[in-house]
Amino acid sequence: MTVHEAAGHGGGRCRSFHDGILERRIDNGNHLVLSGNHAVLGYLREIGGEDGLTGPETAEFPFLELGSGLRWTVRPGAGPIPWWILFPGRRVPGTRTAEYLRVLGLARAPADATVASCLDRGGLLFKRFWEPLAVSILNASAEEGAASLLWPVLKETFGRGRAACRPLIAEKGLSECFVDPALRLLGNRVRFNSRLRALAVGPGRAVSLEFGGNTVELGTGDRVILAVPPAAAAGLVEGIVTPRGSRAIVNGHFRLDAGRQTLSFLGLAGGLSQWLFVRHDVVSVTVSAADDLMDDPADDIARRLWPEVAFALELGDAPLPPFRIVKERRATFAQTPANARARPGVRTPWNNLYLAGDWTDTRLPATIEGAVRSGWTAADAVLNS
Ligand SMILES: Cc1cc2nc3c(=O)[nH]c(=O)nc-3n(C[C@H](O)[C@H](O)[C@H](O)COP(=O)(O)OP(=O)(O)OC[C@H]3O[C@@H](n4cnc5c(N)ncnc54)[C@H](O)[C@@H]3O)c2cc1C
């Protein structure tokens, strides 16, 4: 087996790097997984990286509303029936039990439904919980995000009680957790700086791969798993249907003066930032569905994000510290109802060519969990072929 990777490093959209301005190793962007993401946890066990994730002992999601300064913590109950929504003290402030039950509408949502069309957009629960949650899970506004992609996540996590929805974060970094142990396992089977430039197909099968001057003819026993982003797959193989368009994510990383030494995260409602992670002396905030920010200078983005961060961390009017803005223009495919229906399965019209990646038809949003599941599906298909 050989893995060809176009970049000089592993990890793709989920990686860490040394930042010269912060003088710290940072992630390209905050990544949150939940304890119900069983494929992610299985993958980490497989590569020997199960110690790489950390999080609170129990499922709790602290939130802050930026305008009002109101803070609350959502603590899902132990079992699948969410009894906690009956108790005002455990609900999102200002919300009623009946508002929570509206979420069941997502389960019956037609294929063309968006999140906003299924939930009550006027209520505080939408503003303080469903909207920030949906935008971060789907990387799309509630008005365009596919209801069919949000429901499976809620069912597999919040719908199974607190053991399945502990929030987990890579303790040292995304690469240290998800990538480096896998690369150690793969050893010299990985070729970096090896971009697939062309893939030739013949009747019923892929016949050759071209890596910038080096052509690999495929033998009868050879199988190819094309695990590149959708635009790259569409460019390499004519006739593959892929989701169209992408959505951006922006992360702002700020170096704090004093080491906080605690690893924590916070959901933010009512501002530009949506999630805030603190790791040692670096605080990172995420803006999902951030296409509107793509052409803004990094300085301007940092100046808009920093007051929200300072407010959340109670830093008063602390001046803007050293920062790094990371713009991921194609963070995920645009997770609209139309694109949710355009995701291809693992098999292609060519019997030795398989597809993998978070954009293939995993029935989940474009997440690490989806990417890992698609990888297992492709591996199974190859082994059973
Ligand atoms: C900022 C940000 C925040 C995110 N937050 C979360 C989160 O909180 N939780 C979560 O679960 N998910 C999150 N995600 C999504 C998650 O990162 C992706 O779903 C996952 O990394 C996708 O993995 P993949 O293997 O499908 O694709 P990729 O990671 O894109 O891997 C594709 C690889 O193919 C390589 N490649 C491309 N073209 C070629 C070619 N021609 N030849 C050879 N190699 C090629 C690329 O270099 C890349 O390494 C986030 C993503 C971003 C960008």
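Residues numbered from 1 in each chain as written. Predicted model: local features only at pLDDT ≥ 70, side-chain atom pairs only at ≥ 80, totals over all residues. Heavy atoms only, no water.

Visitor: I'd like to hear about helix α1 (residues 38-47), residue by residue, with values.
Guide: Of all the positions in α1, only Ala39, Val40, Gly42, Leu44 and Ile47 are classed as buried. Considering only its buried residues, α1 is in contact with β4 (33-34), β5 (53-54), α6 (174-186) and α10 (368-383). At the C-terminal side of α1, Gly48 shows a positive phi close to 75 degrees. (Buried < 20%, exposed > 50% of the residue type's maximum accessible area, 1.4 Å probe, protein only. Helix = DSSP H or I, 4+ residues; strand = E, 2+ residues; numbered from the N terminus. Contact = heavy atoms within 4.5 Å.)

Visitor: If you had to explain the environment of Gly202 to someone new, which residues and values would you point to?
Guide: Counting through the fold element by element, Gly202 comes out in strand β10 (residues 198-202). Excluding residues within four positions of it along the chain, Gly202 makes contact with Val207 and Trp350.

Visitor: Pulling in residues and values, what's your account of the pattern of salt bridges?
Guide: Across all of its chains, the model carries 19 salt bridges by this definition. Asp299 serves as the salt-bridge partner of Arg303, at 3.8 Å between the closest nitrogen and oxygen. Separated by four residues within a single helix, Arg303 and Asp299 lie in helix α8 (residues 298-312), roughly one turn from each other. Of the residues examined, Asp299 reaches a relative accessible area of 39% and is grouped as partly exposed. One continuous salt-bridge network, built from bridges that share partners, spans Glu23, Arg24, Arg255 and Asp281. (Salt bridge = Lys/Arg side-chain N within 4 Å of Asp/Glu carboxyl O.)

Visitor: I'd love a proper account of the pairing of strand β12 (residues 214-217), names of residues and values included.
Guide: With four bridges joining them, strand β11 (residues 205-211) and β12 adopt antiparallel strand pairing. Bridge pairing links Glu210 to Thr215 in β12. Here β11 folds back onto β12, and the loop between the two strands holds two residues, one of which, Gly212, carries a positive phi near 50 degrees. (Pairing = 2+ DSSP bridges.)

Visitor: Run through the site of the ligand, naming residues and quoting values.
Guide: Not every one of the 28 residues close to the ligand is listed here, only the nearest: Glu5, Arg13, His31, Leu32 and Asp358. Asp358 is positioned with one of its side-chain polar atoms (N or O) 2.7 Å from an oxygen atom of the ligand. In the model, an oxygen atom of the ligand is placed 3.3 Å from a nitrogen or oxygen of the Thr367 main chain. Within the complex, 85% of the 1,000 Å² of free accessible area of the ligand lies under protein. Listing elements by their share of the shell around the ligand, those giving two or more residues are β14 (246-255), β18 (323-333) and α10. Class assignment of the residues belonging to the shell around the ligand gives a composition of 12 nonpolar, 11 polar and five charged. When residues of the shell around the ligand are sorted by domain, at least three fall in each of domain 2 (195-244 + 336-383) and domain 3 (246-331). (Near = heavy atom within 4 Å. Polar contact = N/O pair within 3.5 Å; in protein donor to acceptor, adjacent residues only side chain to side chain. Areas by Shrake-Rupley, 256 points an atom, 1.4 Å probe, with all protein chains shown as cover. Nonpolar A, V, L, I, M, F, W, Y, C, P; charged D, E, K, R; others polar. Domains from an automatic or database assignment.)

Visitor: Describe the sheet that holds β4, with residues and values.
Guide: One open sheet accounts for three strands, arranged β4-β8-β5; its pairing is antiparallel. What marks the edges here is a single partner per strand, and that holds for β4 and β5. One ladder, built from two bridges, connects β4 with strand β8 (residues 167-170); its direction is antiparallel. Bridge pairing in β8 places Leu34 opposite Pro167.

Visitor: Summarise the packing of aromatic side chains; cite the residues concerned and give the values.
Guide: Inspection of every chain in the model, using the stated rule, returns 11 aromatic pairs. On the basis of an interplanar angle of 50 degrees and a centroid distance of 5.8 Å, the ring pair of Phe63 and Trp275 is categorised as tilted. With a gap of 212 residues between them, Phe63 in strand β6 (residues 61-65) and Trp275 in strand β16 (residues 275-279) connect regions that are remote in the sequence. Here Phe63 falls in the buried class, since its relative accessible area comes to 1%. You can call Trp275 buried: its relative accessible area is 6%. Among the aromatic residues, ring-to-ring pairing joins Phe61, Phe63, Trp72, Phe129, Trp130, Phe158, Phe265, Trp275 and Phe277 into one connected group. (Phe/Tyr/Trp six-rings, centres within 6.5 Å; stacked < 30°, edge-to-face > 60°.)

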